[in-house]
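# Working through the structure, step by step
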Amino acid sequence: MYAQMVKSENTDNGPELDAFQVRIDAGEKIEPKDWMPAGYRKTLIRQISQHAHSEIVGQLPEGNWITRAPTLERKAILLAKVQDEAGHGLYLYCAAETLGVSRDELTEMLLDGRMKYSSIFNYPTLTWADIGAIGWLVDGAAIMNQVPLQRTSYGPYARAMVRICKEESFHQRQGYDIMMKMAQGSDAQKRMAQDALNRYWYPSLMMFGPSDKESVHSAQSMKWRIKINSNDELRQKFVDQTVPQAEYLGLTVPDDNLRLNPETGHYEFSEPDWSEFFEVLNGNGPCNKERLEARNKAWDDGQWVRDGMMAHARKKAARAAASQVAAE
Ligand code: FAQ
């Protein structure tokens, strides 16, 4: 629908680009009908869609535990959380559509592997403690990344982030609450909580993207205020915030090199295994195949619904056209 309104912009220099940068530097929001460079539009489509796909695929690891949650209350909370993730995906697809792509196109690119989703969702959820670890660490990392995005330069993305961040903060607390119960529980529960932290720590650090020296998009994205902080800055903030939380739980972060540097006030920590990260991005993580199969199946199973909706829309349009002719 928005495709006709797109003002492009294959100029990567010239007075329009200078004027655009002045607006960005002044902290103005760019809106869908405004002029924007092709690269800005392309980068936003890539980042917002990857984000939307992550929210949708991100339902799968937790959905795995809805039927096995330990109490009715935990089940209701988890169900609500997973539904929130679907909602986030939908706001984000809407934000991407304002840039001139359709949700169908984006979905097809996810399903045939042309578009990415967050690496974290290619890891399995083996025990109930993993649901705690996801809320605490994965939603915790997501908030750290997304709070600054409320100030991103593209209006529809920034506004979607405001609501998403409120909900993510509830998700993080529910995860920490599960971890607290487990860490204060029996020895077996404590071991389960520690094991979940051991398995989710480094994949959570990877959520912030490759190190700044390996990040191909950061410099341009930060110039356009699509990104407000670099990957390493946010990773450091996440570690600084999360280590004391682990200590409060009585759990040990699985990193022998972890230490608080009294001079900088920041934790020093080990980098994740970046070769594992790139393997996961290339489709070779523990659950990549399973996740894409599940999304492909959902898309195929929903074909009859889309066909029905389209047939209804066509009939409605034909009836409206016929009554218009009759009235003339
Ligand atoms: N996974 O140059 P950079 C959530 C790719 S939401 C997969 O540094 P950029 C909620 C990147 O696309 C989680 N791919 O890239 C939830 C690029 O590839 P390309 C998602 C990754 O964009 C919780 C290449 O590597 N959040 O969890 C990853 O400047 C619980 C080079 O990297 C967002 O998407 C990765 N981890 O920075 C749901 C937030 N990292 O496209 C359910 C918005 C990098 O050139 C349950 N996105 N890549 O082929 C961002 O802030 C940025 O896109 C970054 C990456 C920081 C993720």
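Residues numbered from 1 in each chain as written. Predicted model: local features only at pLDDT ≥ 70, side-chain atom pairs only at ≥ 80, totals over all residues. Heavy atoms only, no water.

## Structural notes on the overall build of the chain
Per the secondary structure count, the chain includes 13 helices and two strands. Relative to the 2.2 N^0.38 estimate, which gives 20 Å for 328 residues, the radius of gyration of the chain is 22 Å and therefore close to what a compact globule would have. Counting only C-alpha atoms, the chain reaches 80 × 50 × 35 Å along its principal axes. Evaluated residue by residue, the chain yields a buried proportion of 47% over its 328 residues. Sequence separation of 24 or more characterises 78% of the internal contacts of the chain that already satisfy a separation of 6 or more. Total accessible area on the chain is roughly 16800 Å²; 55% of this is exposed by carbon and sulfur atoms. Separation between the mean location of the 39 positive side-chain charges and that of the 45 negative ones in the chain comes to 6 Å. (Helix = DSSP H or I, 4+ residues; strand = E, 2+ residues; numbered from the N terminus. Rg over C-alpha atoms; globule rule 2.2 N^0.38 Å. Buried < 20%, exposed > 50% of the residue type's maximum accessible area, 1.4 Å probe, protein only. Contact = heavy atoms within 4.5 Å. Areas by Shrake-Rupley, 256 points an atom, 1.4 Å probe, with all protein chains shown as cover. Lys, Arg positive; Asp, Glu negative; His and termini not counted. Charge placed at Lys NZ, Arg CZ, Asp CG, Glu CD.)

## Here we look at the site of the ligand
Around the ligand there are 35 residues in total, and Q50, K116, S215, H217 and K227 lie nearest to it. The contact in question runs from an oxygen atom of the ligand to an N or O atom on the side chain of K116, over 2.5 Å. One of the side-chain nitrogen or oxygen atoms of N231 is found 2.8 Å away from an oxygen atom of the ligand. In isolation the ligand offers 1100 Å² of accessible surface; the protein chains occlude 92% of this area. Listing elements by their share of the shell around the ligand, those giving two or more residues are α2 (38–57), α4 (72–97), α6 (128–149), α7 (155–183) and α11 (274–284). (Near = heavy atom within 4 Å. Polar contact = N/O pair within 3.5 Å; in protein donor to acceptor, adjacent residues only side chain to side chain.)

## Quick look at the packing of α6 against α7
The contact between α6 and α7 brings their axes to 7 Å, and the two run at 150°. Comparing their axes, α7 and α6 come out roughly antiparallel. The chirality of how α6 crosses α7 is left-handed. (Axes fitted to C-alpha atoms, helices over the stretch in contact; angles between N-to-C directions. Parallel < 35°, antiparallel > 145°, perpendicular 65-115°, else oblique. Left-handed = near helix turned anticlockwise from the far one by under 90°.)

## Digging into the pattern of salt bridges
What the rule picks out here adds up to 17 salt bridges. Across the pair E31 and R159 runs a salt bridge, and its minimum N-O distance is 2.8 Å. Here the residue E31 occupies a position in the loop between α1 (15–25) and α2, and R159 occupies one in helix α7, the gap between them amounting to 128 residues. Between K297 and D301 there is a salt bridge; the shortest N-O distance is 2.7 Å. Separated by four residues within a single helix, K297 and D301 lie in helix α12 (residues 288–301), roughly one turn from each other. (Salt bridge = Lys/Arg side-chain N within 4 Å of Asp/Glu carboxyl O.)

## A closer look at the packing of aromatic side chains
Centre-to-centre distance and the angle between the planes together describe a pair of aromatic rings. If you walk through the whole model with that rule in mind, you get nine aromatic pairs. Summarising the aromatic geometry, the rings of F20 and W35 are spaced 6.0 Å apart at their centres and angled 75° between planes, so their arrangement reads as edge-to-face. Within this pair, whereas F20 is found in helix α1, its partner W35 is found in the loop between α1 and α2, the two being separated by 15 residues in sequence. Taken as a pair, F20 and W35 share a single burial class, namely buried. In this structure an aromatic cluster arises from ring pairing among F20, W35, Y40 and W224. The ring of W65 has R68 sitting right over it, with the charged end atom 4.1 Å from the ring centre. The ring of W299 is capped by R306, whose NZ or CZ atom sits 3.5 Å from the centre of that ring. (Phe/Tyr/Trp six-rings, centres within 6.5 Å; stacked < 30°, edge-to-face > 60°. Lys NZ or Arg CZ within 6 Å of the ring centre and 35° of its normal.)

## Details of the confidence of the model for the chain
Mean pLDDT over the chain: 95, with 96% of residues reaching 70 or higher. The model gives residues 1–8 a pLDDT under 50, and that stretch makes 13 contacts with residues more than four places away or in other chains. (pLDDT = per-residue confidence, 0-100.)

## Section: a nonpolar patch on the surface
Residues W304, V305 and M309 make up a contiguous nonpolar surface patch of about 380 Å² in total accessible area. The class of V305 is partly exposed, set by a relative accessible area of 39%. (Patch = residues over 30% accessible without salt bridge, like charges linked within 9 Å, V, L, I, M, F, W, Y side chains within 5 Å.)

## Focus on the packing of α12 against helix α13 (residues 303–327)
At a minimum axis separation of 4 Å, α12 and α13 run at an interaxial angle of 35°. Here W299, D300 and D301 of α12 come into contact with α13, specifically with Q303, W304 and R306. The residue makeup of the contact of α12 with α13, split by class, is two nonpolar, one polar and three charged. (Nonpolar A, V, L, I, M, F, W, Y, C, P; charged D, E, K, R; others polar.)

## With respect to α2
The terminal C-alpha atoms of α2 lie 28 Å apart, and with 20 residues this matches the ideal 28 Å at 1.5 Å per residue to within 8%. Along α2, 15 of the 20 residues are buried, which leaves the element largely enclosed by surrounding structure. (Expected span 1.5 Å × (residues − 1).)

## Section: the nonpolar core
The biggest cluster of nonpolar side chains holds 47 residues, and the ones touching the most others in it are W128, W136, L137, Y200, W201 and F238. Elements that contribute at least two residues to this core include exactly α4, α6, α7, α8 (187–206), α10 (231–249) and α11. Per-element tally for this core: the top contributor is α6, with ten residues. Sequence-distant contacts of F238, that is, excluding residues within four places in its chain, are made with L137, G140, A141, M144, W201, S204, L205 and F208. (Core = buried A, V, L, I, M, F, W, Y, C linked by side-chain atoms within 4.5 Å.)

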